[in-house]
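Structural overview
One letter stands for each residue in the lines below.
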Amino acid sequence: MKNFLAFFLILGVTAASAHGPLPARPAAPSDLVRVGLTDNDTTAGGTARLCEQVTFSRGLRYGESEANVLDVAASTTKADTPRPVLLFVAGDTFTGDRAAPELSRQIQDQAMCFAARNEMIGVRVNYRLAPSATWPAGATDVAAALSWIHGNIDLFNGDAREIVAVGYGAGAFHVATLLAHPELQTDRADVAAVVLISGVYRAGKDASDSEKAYLGSDVSQYNTRSVFPGILNVDVPIVLAWAADDSAGITAQGETLKKTLCGAGHCPRSALLRSRDGIASAFGLDGSGDSLAEPTLLLVHQLEARGLP
């Protein structure tokens, strides 16, 4: 962990002008119902403890598909100033999570509550899955969700100028794809920084069935549907992470992306996690040890310190 702290303490941050005054926030519309977590919403034990004094607004629609919904988590303690936003785009595979849906939600709830308990607004995005939704549906869903956040997160005391998008597994590819392909970006779909965890960034002939379901069976299209070379033009801070128990292929994907970015003069910070049992594990919320928790908090604090126009 000390190594992670050292990494981020030397992370260069370009100074910018301080926040200007924000307009008055309208009252939240009546259809945004906030529901406090109870034992009916989550399992007892670790998740329940993490989610004390955190309220959820679930199933907020950001697009036309039934899958286009997101959840927002915020502390019951109101902050005096707008809070940064930690946006979670998770997914074990392009066709869905390996765990049962309820278990996956519990694991992601832990990460959401980590954000809320650390003076941020947590947002989890659900998106369309393969094989019914193919490339670039995941990235365009993330773009639509970001547009929704820019237009509505002030209702939850969130600051849309300080969005850190956390992509996990298939979600890392969707976040990176959106950054790498300007043609997929919509109005107000920008982020201040990204954290990419255990992603596939360029599939090849050995693509998994899940990757083929999303990217298609025509391998000749995989290069143009990868994050290269567009990711080299991204100018926001990037953090890369993968886990010691990731496959050799996933590890190689992370190492290749890091090497390529460094060669382009935009070297990201990277971290090796102990395990990748879920996004909660990536943030050390399962007691697995080294995690992205402190590095992510340092990154968020640096974004706050530099100010954004």
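Cut-offs applied
Each chain has its residues counted from 1, following the order in which its sequence is written. Where totals are concerned, whole chains, interfaces and linings use all residues; where local detail is concerned, this predicted model gives features only for residues with pLDDT of at least 70, and gives and counts side-chain atom pairs only at 80 or more. The basis for the side-chain values is all heavy atoms of the structure; hydrogens and waters are excluded. Every helix listed is a DSSP run of H or I at least four residues long, and every strand listed is a run of E at least two residues long, numbered separately from the N terminus. Buried, partly exposed and exposed residues are distinguished by accessible area as a fraction of the type maximum, computed with a 1.4 Å probe on protein chains only: under 20%, between the cut-offs, and over 50%, respectively. Whether two residues are in contact is decided by their heavy atoms: any pair within 4.5 Å suffices. Accessible surface area values rest on a Shrake-Rupley calculation with a 1.4 Å probe, where residue burial reflects the displayed protein chains alone. Criterion for a salt bridge: a side-chain nitrogen of Lys or Arg within 4 Å of a carboxyl oxygen of Asp or Glu. Each pair of strands is called paired provided DSSP finds at least two bridges between the two strands. In summary, the pairing rule links any two rings of Phe, Tyr or Trp, Trp by its six-membered ring, whose centres are within 6.5 Å, and it sorts them by plane angle into stacked for under 30 degrees, edge-to-face for over 60 and tilted for everything else. In our convention, an over-ring charge means Lys NZ or Arg CZ found within 6 Å of a ring centre and within 35 degrees of that ring's normal.

This part takes up the overall build of the chain. For the chain, the count of helices and strands is 9 helices and 9 strands. Out of the 309 residues in the chain, the part that is buried amounts to 53%. Excluding contacts between residues fewer than 6 apart, the proportion of contacts in the chain whose partners are at least 24 apart in sequence is 76%. Roughly 13600 Å² of accessible area belongs to the chain as shown, and the carbon and sulfur atoms make up 52% of that amount.

Before going further, it helps to spend a moment on the pattern of salt bridges. Counted according to the given criterion, the structure contains 10 salt bridges. Put simply, Arg83 and Glu304 hold a salt bridge, and the shortest N to O gap is 3.2 Å. Of this pair, Arg83 sits in strand 4 (residues 83-89) while Glu304 sits in helix 9 (residues 293-306); the two residues are 221 residues apart in sequence, bridging distant segments of the chain. The closest approach of N and O atoms between Arg105 and Asp109, which form a salt bridge, is 3.9 Å. In this pair, Arg105 and Asp109 both sit in helix 3 (residues 101-117), 4 residues apart, roughly one turn of the helix.

This part is about the pairing of strand 3 (residues 69-75). By the criterion of burial, strand 3 is predominantly enclosed, with 6 of the 7 residues buried. Across 6 bridges, the pairing between strand 2 (residues 54-61) and strand 3 is antiparallel. Considered in strand 3, the bridge of Ser57 is made with Val72. Taken together, the 4 bridges between strand 3 and strand 5 (residues 121-125) define a ladder with antiparallel strand orientation. Bridging from a neighbouring strand, Asp71 pairs with Arg124 of strand 5.

For the coordinates displayed, the defined rule picks out 5 aromatic pairs. Taken together, a centroid distance of 6.0 Å and an interplanar angle of 85 degrees make the contact between Phe88 and Phe283 edge-to-face. With Phe88 in strand 4 and Phe283 in the loop between helix 8 (279-282) and helix 9, this pair connects stretches of sequence that are 195 residues apart. Taken as a pair, Phe88 and Phe283 share a single burial class, namely buried. Consider the rings of Phe114 and Phe283, whose centres lie 5.2 Å apart with planes at 40 degrees: the pair is tilted. Taken together, the residues span a long stretch of sequence, with Phe114 in helix 3 and Phe283 in the loop between helix 8 and helix 9 at a distance of 169 residues. Here the two residues Phe114 and Phe283 agree in accessibility, since each one is buried. Through successive ring pairs, a cluster of aromatic residues spans Phe88, Phe114 and Phe283. The ring of Phe56 has Arg58 lying over it, and the distance from NZ or CZ to the ring centre is 4.2 Å.

Nothing here speaks to function; it is geometry throughout.
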